[in-house]
Amino acid sequence: RRGEMAKSTQLMNNEVFRAYATYTAIVLLKMMLMSLITAYFRITRKAFVNPEDTDSFGKGESAKKYLRTDPDVERARRTHLNDLENIVPFVGIGLLYALSGPELSTALLHFRIFTGARIIHTFAYLIPLPQPGRGLSWAVGYAVTFSMAYNVLKAVWLL
Amino acid sequence: RRGEMAKSTQLMNNEVFRAYATYTAIVLLKMMLMSLITAYFRITRKAFVNPEDTDSFGKGESAKKYLRTDPDVERARRTHLNDLENIVPFVGIGLLYALSGPELSTALLHFRIFTGARIIHTFAYLIPLPQPGRGLSWAVGYAVTFSMAYNVLKAVWLL
Amino acid sequence: RRGEMAKSTQLMNNEVFRAYATYTAIVLLKMMLMSLITAYFRITRKAFVNPEDTDSFGKGESAKKYLRTDPDVERARRTHLNDLENIVPFVGIGLLYALSGPELSTALLHFRIFTGARIIHTFAYLIPLPQPGRGLSWAVGYAVTFSMAYNVLKAVWLL
């Protein structure tokens, strides 16, 4: 039993992998936060999409008027989808990158810049900041993921 | 060759990792099922979004009327997107959690509750069940993923 | 330090895992390419969704007319979402499959067919090709992922 458990944590004894685990947990929690922000806007703006969600506002026409779109809700949903589109590649490529044996300092640089860029991107989208604020923060995260993918392919290429 | 293959299955000799693999395969297959459910509704409700998908119904105006939205199709699509938003964090954080060396019984509890909650969520969304059925099943899965993320960060924190 | 780094690359010494890493990096980069294609169509078709994105076209009504949907933009967005729905299960189930110790030739067959199918799917969606071009390429990728999930569950089943 002990032996097995030791084996399971072997990867976690590796500092690059621990850094990957820390930043991946942080960006995935940040992405999950978007669900709460969307729910907050749906409730405060009274803007829902499912009829069963407005039943507590009464039956019939009085509740039906809350089945509508709201700019703040739609903005939060776009931020969430943008997270999915960008954080999924980071998590997948980052895992392979962490396993490909990079220097700890180089790996930390990648993980930190990506995480910072995505947090700035969230604020830039939700406030919203004037462009190119959101565009630049998106591009920085994109470039970091691309750099990790390049390093993975250089290290493991087997087609 | 043999030696290499043995190495590749080392993680799979760990019971927590085998449990993670089992439940991750199940929830990802459940998510994939949403594609088939959406396709089923598109075909039975004759509600498509791409002009090339309605060509078999004839050319011109007769086919054009099937380029429309349908409540059942949209509901299936929302269920699918909600799966993406919630199952992606489970798969990513669950992997790190499984590697962080939890007790098998604690890990199984997390994986089983999450998987059960997401299956209930799917029925609650598609039937649909009255609220707070869907809301609660969503919140349970969310809380399980949050608990795993907390345990990962406690175990590996390296910023 | 050296010992740790060696451990971190142990998985990468396994040929099946190297193949998984190569094809996963390729399909995730392909998915990331969809962001650029959507941006290209938004800029060339002048079709935006965020008011702050049209500020460079002037203030007020003159810029407001570019807040609209465009068929090419929407098509690129659907291709991107379809990638998310199908590439996420491939990355998650493929990782478990690679760790479950399959023959290299069988694993390569799975990875190559999936990657080819998703590249064809992208062209079929964007051009667009007449059906069943897109439908078939989608189904092939789906079947490959299902086959990997079956092999994972057969190898590791621990409920």
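Since we're looking at a predicted model, the values are computed, not measured.

## Re the relation of the copies chain C and chain A
For the match of chain C to chain A, the screw axis carries a shift of 0.0 Å, the RMSD comes to 0.0 Å, and the turn is 120°. What the superposition gives is, in effect, a three-fold axis relating one chain to the other. Different-surface contact between copies: only 15% of interface residues of chain C are shared with the interface of chain A.

## Considering the UniProt feature "transmembrane region" (unreviewed entry) in chain A
The UniProt record marks residues 20-41 and 84-101 of chain A with the feature "transmembrane region" (unreviewed entry), using the residue numbering of this structure. The straight-line gap between the two end C-alpha atoms of residues 20-41 of chain A is 32 Å; of that span, 100% is helix and 0% is strand.

## Describing the interface of chain C and chain A
Counting residues at the interface gives 40 residues for chain C and 37 residues for chain A. When chain C packs against chain A, the two sides together hide about 3,300 Å² of surface, and 66% of this comes from carbon and sulfur. Here chain C and chain A share 3 salt bridges between them. Across the pair C:Asp53 and A:Arg134 runs a salt bridge, and its minimum N-O distance is 2.9 Å. Connecting chain C to chain A are 12 residue pairs in polar contact (both at pLDDT 80 or more). Of all the secondary structure elements, the ones that give two or more residues to the side of chain C that touches chain A are helix H1 (2-8), helix H2 (15-44), helix H4 (71-99) and helix H5 (104-126) of chain C. Among the elements that line the side of chain C that touches chain A, the one with the most residues is H2(C), at 18 residues. Residue classes in the side of chain C that touches chain A are distributed as 23 nonpolar, 8 polar and 9 charged.

## Describing the pattern of salt bridges
Considering all chains together, one arrives at 21 salt bridges over all chains under this definition. Measuring nitrogen to oxygen at the nearest pair gives 3.5 Å for the salt bridge that ties C:Arg134 to B:Glu52. Remark: B:Glu52 occurs in the loop between helix H2 (15-44) and helix H3 (61-64) and C:Arg134 occurs in helix H6 (residues 133-156); the pair is interchain, linking two chains. Overall, the relative accessible area of 7% leaves B:Glu52 in the buried class. The residue C:Arg45 makes a salt bridge to C:Asp72 at a minimum N-O spacing of 2.8 Å. On the criterion of sequence distance, the pair formed by C:Arg45 in the loop between H2 and helix H3 (61-64) and C:Asp72 in helix H4 is long-range, its members being 27 residues apart. For C:Asp72, a relative accessible area of 26% gives the class partly exposed. Through salt bridges with shared partners, a single ionic network connects A:Glu52, A:Asp53, B:Arg75 and B:Arg134.

## Examining the interface of chain C and chain B
Taken together, the 37 residues of chain C in the interface contact 40 residues of chain B. Summed over both partners, the interface of chain C with chain B comes to about 3,300 Å²; 66% of that surface belongs to carbon and sulfur atoms. Across the contact surface, chain C and chain B share 3 salt bridges. Where chain C touches chain B, the interface holds 12 residue pairs in polar contact (both at pLDDT 80 or more). By residue number, the principal contributor to the side of chain C that touches chain B is H4(C), which donates 13 residues. For the side of chain C that touches chain B, the residue count by class is 23 nonpolar, 8 polar and 6 charged.

Calculation criteria
Residues numbered from 1 in each chain as written. Chains lettered and ligands numbered in written order. Predicted model: local features only at pLDDT ≥ 70, side-chain atom pairs only at ≥ 80, totals over all residues. Heavy atoms only, no water. Least-squares fit on C-alpha atoms with pLDDT ≥ 70 in both. Contact = heavy atoms within 4.5 Å. UniProt positions renumbered as here; feature names shortened; annotations may be inferred. Helix = DSSP H or I, 4+ residues; strand = E, 2+ residues; numbered from the N terminus. Buried area = accessible area lost by both parts, 1.4 Å probe. Salt bridge = Lys/Arg side-chain N within 4 Å of Asp/Glu carboxyl O. Polar contact = N/O pair within 3.5 Å; in protein donor to acceptor, adjacent residues only side chain to side chain. Nonpolar A, V, L, I, M, F, W, Y, C, P; charged D, E, K, R; others polar. Buried < 20%, exposed > 50% of the residue type's maximum accessible area, 1.4 Å probe, protein only.

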